[in-house]
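# Architecture at a glance
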Amino acid sequence: MTGMTSSERPLLNRRLAEFGTTIFAEMSALALRTGSINLGQGFPDTDGPEEVREAAVRALRDGRGNQYPPGPGVPELRAAVAAHQERRYGLSYDPDGEVLVTAGATEAIAAALLALVEPGDEVVALEPYYDSYAACIAMAGGTRVPVTLRPDGTAFRLDLDELRAAVTPRTRLLLVNTPHNPTGTVLTRAELTAIAELAVERDLLVVTDEVYEHLVFDDAGHLPLATLPGMRERTVTIGSAGKTFSFTGWKVGWVTSTPRLVTAVRAAKQFLTYVSSGPFQYAVAEALALPDAYFEAFRDDMRTKRDILAAGLAEAGFTVYDTAGTYFITTDIRPLGESDGFAFCRSLPERAGVVAIPNAVFYDHREEGAPFVRFAFCKRPEVLKEAAERLRRLA
């Protein structure tokens, strides 16, 4: 008997049966095996600011965070998150009751869904979606109801009528991500206003993943959903240090919301990691207080990298969709005579020495995402130029 019990019951909980090894693990292993340039997983190939790294070293040496930090997060970081939300968006949060530090945004998403969703509840999510959304909804016993973003000209857009139609009496919450991974779409003020009006009208909770808030490439900047009328009291906002400061391995994220919602999320979070990232929390507190010039330079640098890769992909023959935010570009492979993103991405390392991610893994409706492939541009310019040169072989 291997792999099965005497009753032939599968070992893996049936809620997780559809989730195997993540595509990121598969493609990163493929990149290593073939020596390819990895534009699949979204992590930078350079570290963030030296002063932030030194702040972590200083915390380690001073013995701050080497033992269990407080359950809600160290006071310095909670205060820094609250100050950041106030300074940037005019959102006022009490650091002691309305901010919760998590092991990255991934844990924040898991804790929020485990806390707020009962078996049988429906969760409306924008498709394609970050792969942990589906797994976390499943672990909570919820039913995911995808609303598909579709190409409209040069970008992916949300169909607001489709969103309204997806809400039923069983809908518990809306799971929103803007700037949106993997499409690079940034929801407009009109779209966010419509989402807010729907949530208020139907008395829905909203969990909003805003980890790319500092990577909105136009001058309007990021608009948090919680700033809109009626939304602060029903919205769990998720942020993260990894994407903004290029220290993705530190796994420092946070939740901001009302005391009741934060208390609910913390009830689940305390039985996931309890606490994490002790010394790094102090460093991130300092990072959030960096001057505006840091955030502007970070955005400008990433915009330049986006443009390098987008030009290379277009020259290689891909249809390249506009990236208004995040550090991902979504492409259509049909102009290359291809239509199966999985097959394309598995063969790309041998054909061009580059690794990408098939967007279909982010869809319930796999056929909707079949011809789309995502590339990450959070890499050094010389790496992106080399990747672009390799991809031109496809043309």
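Note that the structure is predicted; figures quoted are calculated from it, not measured.

Next up on the list: the overall build of the protein chain. A count of helices and strands for the protein chain gives 14 helices and 15 strands. At 21 Å, the protein chain has a C-alpha radius of gyration in line with the 21 Å of a compact globule built from 395 residues. For the protein chain, the spread of C-alpha atoms along the principal axes amounts to about 55 × 55 × 50 Å. In the protein chain, which comprises 395 residues, the proportion classed as buried is 57%. The contacts of the protein chain with a sequence gap of at least 6 include a subset with a gap of at least 24, amounting to 75%.

Here the focus is the sheet that holds strand β7 (residues 171-177). An order of β2-β10-β9-β8-β7-β3-β4 is seen for the seven strands of this open sheet, with the pairing classed as mixed. The two strands at the open ends of the sheet, each matched to only one other strand, are β2 (99-102) and β4 (143-148). Averaged over neighbouring strand pairs, the angle between their axes works out to 20° when direction is ignored. As paired strands, strand β3 (residues 122-127) and β7 are joined by four bridges and run parallel to one another.

The next subject is the sheet that holds strand β15 (residues 372-376). As summarised here, the arrangement of the four strands in space is β11-β12-β15-β14, forming an open sheet in which the pairing is antiparallel. Here the strands that pair on one side only, and so sit at the sheet edges, are β11 (319-320) and β14 (357-358). Two strands pair when backbone bridges link them, and strand β12 (residues 328-332) and β15 are joined in this way by five bridges, in the antiparallel orientation. The residue bridging Ile329 from the neighbouring strand is Phe375, located in β15.

Taken together, the side chains of Leu114, Met139 and Leu272 make up a nonpolar region of the molecular surface, amounting to roughly 230 Å² of accessible area. Mapped onto the fold, Met139 is located in helix α5 (residues 131-139).

Time to look at unusual backbone geometry. Of note, the amide linkage connecting Thr178 to Pro179 takes the cis form, showing an omega dihedral of -10°. Looking at the secondary structure, you find Pro179 in the loop between β7 and α7 (189-201). Geometrically, the link from Asn181 to Pro182 is a cis peptide bond, its omega value of 15° lying close to zero. Secondary-structure assignment places Pro182 in the loop between β7 and α7. Positive phi outside glycine occurs at Ser277, with the angle close to 60°. Topologically, Ser277 is positioned in the loop between α9 (259-269) and α10 (278-288). The exposure class of Ser277 is buried, given its relative accessible area of 16%. Backbone geometry at Thr326 places phi at a positive 75°, although glycine is not the residue there. Relative to the helices and strands, Thr326 resides in the loop between β11 and β12.

Attention now goes to the state of the cysteines. For the structure shown, the criterion picks out zero disulfides. Free cysteine: Cys378, not disulfide-bonded; nearest cysteine sulfur from Cys345 at 16 Å.

Glancing now at the environment of Ile37. Tracing the chain through its elements places Ile37 in strand β1 (residues 37-38). Sequence separation between Ile37 and Tyr282 is 245 residues; the distance between their C-alpha atoms is 33 Å. With sequence-adjacent residues up to four places away left out, Ile37 is seen in contact with Gly353, Val354, Val355, Val383, Glu386, Ala387 and Arg390.

Burial analysis of β3 places six of its six residues in the buried class, which makes it a mostly covered element. The alternating pattern of β3 places Glu122, Val124 and Leu126 on one face and Val123, Ala125 and Glu127 on the opposite face, and all of these are buried. Two strands pair when backbone bridges link them, and β3 and β4 are joined in this way by six bridges, in the parallel orientation. Each residue of the ladder has a partner; that of Glu122, found in β4, is Thr143. For the handedness criterion, the β-α-β arrangement of β3, α5 and β4 is classed as right-handed.

Once that is clear, we can look at the pairing of β2. Residue alternation in β2 divides its side chains into two sets, Val99 and Val101 and Leu100 and Thr102, and both sets are buried. Relative to strand β10 (residues 253-256), β2 runs antiparallel, the two being bridged by four bridges. The residue bridging Thr102 from the neighbouring strand is Gly253, located in β10.

On to helix α11 (residues 292-316). Given 3.6 residues per turn, any residue in an α-helix points the same way as the ones three and four places further on. Taking 1.5 Å of rise per residue, 25 residues should cover 36 Å, and α11 covers 36 Å from first to last C-alpha, within 8% of that figure. What α11 keeps buried is the set Tyr294, Phe295, Phe298, Arg299, Met302, Lys305, Arg306, Ile308, Leu309, Gly312, Leu313 and Ala316. Of the residues flanking the end of α11, it is Gly317, one or two places downstream, whose phi is positive at about 110°.

Reading the values: rules and limits
- Residues numbered from 1 in each chain as written.
- Predicted model: local features only at pLDDT ≥ 70, side-chain atom pairs only at ≥ 80, totals over all residues.
- Heavy atoms only, no water.
- Helix = DSSP H or I, 4+ residues; strand = E, 2+ residues; numbered from the N terminus.
- Rg over C-alpha atoms; globule rule 2.2 N^0.38 Å.
- Buried < 20%, exposed > 50% of the residue type's maximum accessible area, 1.4 Å probe, protein only.
- Contact = heavy atoms within 4.5 Å.
- Pairing = 2+ DSSP bridges.
- Axes fitted to C-alpha atoms, helices over the stretch in contact; angles between N-to-C directions.
- Patch = residues over 30% accessible without salt bridge, like charges linked within 9 Å, V, L, I, M, F, W, Y side chains within 5 Å.
- Areas by Shrake-Rupley, 256 points an atom, 1.4 Å probe, with all protein chains shown as cover.
- Salt bridge = Lys/Arg side-chain N within 4 Å of Asp/Glu carboxyl O.
- Disulfide = S-S within 2.5 Å.
- Right-handed = clockwise from strand over helix to strand, strands pointing away.
- Expected span 1.5 Å × (residues − 1).

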